[in-house]
Amino acid sequence: MDIEVLRRAPLFASLGDDVFAALTEELTEVDLSRGASVFREGDQGDQLYFIVSGKIKLGRSAPDGRENLLAILGPGELFGEMALFDPSPRNATATAVSETRLAGLRHENLRALIETRPEVSVQLLQALARRLRRTNESLADLVFSDVPGRVAKALLDLADRFGRPATDGILVAHELTQEELAQLVGASRETVNKALAEFVQRGWLRLEARAVVILDVQRLRQRSR
Ligand code: CMP
């Protein structure tokens, strides 16, 4: 397994090579194709997962079948740890949005590591605090921002994490369908399509299959405020 990306993850950065090597012995590799789920909301679970490559969406469904995406995670990020700290069923469904490789770790193994290396729990707390901050921000945006503002913000966030320089801007291969993008910003696909079409018409971005090229970051940032 290519665990270089995990070696660089903040959670493990402080560990010596020997401790990290022992930990990697406990990891199990999971390979997923687009659309495959790792677990579903409500399942019991005793493992957490690190993303080695690819992307995972975390979503929740309403009783009427509508879906909301809580987050899109990429390489180096982890999920499935909530049940370790607050034993309860899975809080969301985790699904691959592209070819994805994960490294699974049993909760009991992380618990043992935390007990011997308290600095790992400080890193975990930081990751949880960062997630809460992002969630608060999304909640405020749902109340205070309009749909085009939320779409602009989501694209900039995806660009920060997955963007690569292109000849005329920043290529963001987010791998999401427009339906998934709509679930991420909490709006209908029609409204999100309209917002994207308006950004295209203004020359701020170009649409590609499951990707966008951001041509004018500054304008998009202004629109996201
Ligand atoms: P767990 O409840 O074990 O399984 C679902 C996982 O989704 C959960 O652990 C977290 O790792 C992750 N998760 C839940 N809510 C959020 C959120 N708001 N942002 C990012 N990840 C989340």
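Criteria and thresholds
Residues numbered from 1 in each chain as written. Predicted model: local features only at pLDDT ≥ 70, side-chain atom pairs only at ≥ 80, totals over all residues. Heavy atoms only, no water. pLDDT = per-residue confidence, 0-100. Helix = DSSP H or I, 4+ residues; strand = E, 2+ residues; numbered from the N terminus. Near = heavy atom within 4 Å. Polar contact = N/O pair within 3.5 Å; in protein donor to acceptor, adjacent residues only side chain to side chain. Areas by Shrake-Rupley, 256 points an atom, 1.4 Å probe, with all protein chains shown as cover. Domains from an automatic or database assignment. Contact = heavy atoms within 4.5 Å. Buried area = accessible area lost by both parts, 1.4 Å probe. Salt bridge = Lys/Arg side-chain N within 4 Å of Asp/Glu carboxyl O.

**Points about the confidence of the model for the protein chain**
The share of residues in the protein chain with pLDDT of 70 or more is 99%, and the mean pLDDT across the chain is 91. Ranking the helices and strands of the protein chain by mean pLDDT puts strand 7 (residues 93–96) first, with 97, and helix 2 (residues 10–13) last, with 78.

**Considering the site of the ligand**
Neighbouring the ligand are 14 residues, the closest being G80, E81, R90, N91 and T135. Measuring from an oxygen atom of the ligand, one finds a side-chain N or O atom of E81 at 2.7 Å. Between R131 and the ligand, the recorded distance is 3.3 Å, taken from a side-chain N or O atom to a nitrogen atom. For the ligand, whose unbound accessible area comes to 460 Å², protein coverage reaches 94%.

**Notes on the domain arrangement of the protein chain**
When its domains are assigned, the protein chain resolves into domain 1 (3–142) and domain 2 (146–223). The C-alpha-based centres of domain 1 and domain 2 are spaced at 25 Å. Counting residues at the interface gives 18 residues for domain 1, matched by 17 residues for domain 2. Taking both sides of the interface into account, the surface hidden between domain 1 and domain 2 amounts to around 1,500 Å²; carbon and sulfur atoms contribute 50%. At the boundary of domain 1 with domain 2, the tally comes to seven salt bridges. Ionic pairing is found between R34 and E180, a salt bridge with its closest N-O pair at 3.2 Å. The interface formed by domain 1 and domain 2 holds 11 residue pairs in polar contact (both at pLDDT 80 or more) in total. Contributions of two or more residues to the side of domain 1 that touches domain 2 are made by strand 5 (67–73) and helix 6 (118–144). If you tally residues by element for the side of domain 1 that touches domain 2, the top one is strand 5, at six residues.

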